[in-house]
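One-letter residues, chain by chain:
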Amino acid sequence: MHTPLVPLPNLRAVIPALGEAFARPAGVTGAFYLLELNGLDEVNDRHGQVTADAVSRAAVQRIRAVAPENDLIAMIGGVEFAILARGVQDRSEAFEICRHYVEAFEGAVCVGNRAHNIGVTVGFALYPDDGTTAEEIIHRADLALFGAKAEWKSNLLFFEAM
């Protein structure tokens, strides 16, 4: 249940963890973030897979520096990460955490003698406010990510019911 590129769980670990979060007593809340790296494909195209992998590993370190220790961080695609943040109480707190993820990618990632400018786009949903199943929360965070990507790179957006 780990990815070979970086020592992180993959999506198969996220769904049971979300299920456990919903099984906790009423009043237990949290946020589910989807982060997508911007510019990593360009790094791969210009400098090769080895460099892109090194940039990915550096990105993981930046994510870990922001995420509280008890958060679950998973790599769910070549450029996409999921974070389950337990105990986030409301949208303003989740938004503030989200802002820290975006800020973590404001500076270039240095690999070897090169600086690579990558950013991150973030979408998130709150549980149980935005859904009552793991699938609903993942889908709604994905909708928020899609909306954030449509607006601007290195952006953040939370799920809003229509």
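Residues numbered from 1 in each chain as written. Predicted model: local features only at pLDDT ≥ 70, side-chain atom pairs only at ≥ 80, totals over all residues. Heavy atoms only, no water.

### Looking at the packing of helix α2 (residues 40-47) against helix α3 (residues 49-66)
In contact at an axis separation of 7 Å, α2 and α3 are set at 150 degrees when each is read in the N-to-C sense. From α2, L40, V43, N44 and H47 reach across to α3, where they touch Q49, T51, A52, V55 and S56. For the contact of α2 with α3, a count of residues per class yields 4 nonpolar, 5 polar and no charged. (Axes fitted to C-alpha atoms, helices over the stretch in contact; angles between N-to-C directions. Helix = DSSP H or I, 4+ residues; strand = E, 2+ residues; numbered from the N terminus. Contact = heavy atoms within 4.5 Å. Nonpolar A, V, L, I, M, F, W, Y, C, P; charged D, E, K, R; others polar.)

### Some remarks on the packing of α3 against helix α4 (residues 91-104)
Between α3 and α4, the least distance of the axes is 9 Å, while the angle of their chain directions is 150 degrees. For the element pair α3 and α4, the recorded crossing hand is right-handed. Facing α3, whose interface residues are R62, I63 and V66, α4 presents I97, H100, Y101 and A104. (Left-handed = near helix turned anticlockwise from the far one by under 90°.)

### Some thoughts on the confidence of the model for the chain
For the chain, the average pLDDT comes to 84, and 85% of its residues sit at 70 or higher. Per-element mean pLDDT across the chain ranges from 57 in strand β7 (residues 156-158) up to 93 in strand β5 (residues 114-116). (pLDDT = per-residue confidence, 0-100.)

### Concerning the pattern of salt bridges
Summed over all chains, the structure comprises 4 salt bridges. Among the salt bridges present, the one from K149 reaches E36, with a minimum N-O distance of 3.2 Å. One end of the pair, K149, is in helix α5 (residues 134-151); the other, E36, is in strand β1 (residues 30-38), and 113 residues separate them in sequence. Accessibility expressed as a relative area gives 16% for E36, which makes it buried. Here D130 and R91 are joined by a salt bridge, their closest N and O atoms 2.6 Å apart. You can see D130 sitting in the loop between β6 (119-127) and α5 and its partner R91 sitting in helix α4, a full 39 residues away along the chain. Taking relative accessible area as the criterion, D130 reaches 6% and is therefore assigned buried. Salt bridges sharing common partners tie together E96, R99 and E103. (Salt bridge = Lys/Arg side-chain N within 4 Å of Asp/Glu carboxyl O. Buried < 20%, exposed > 50% of the residue type's maximum accessible area, 1.4 Å probe, protein only.)

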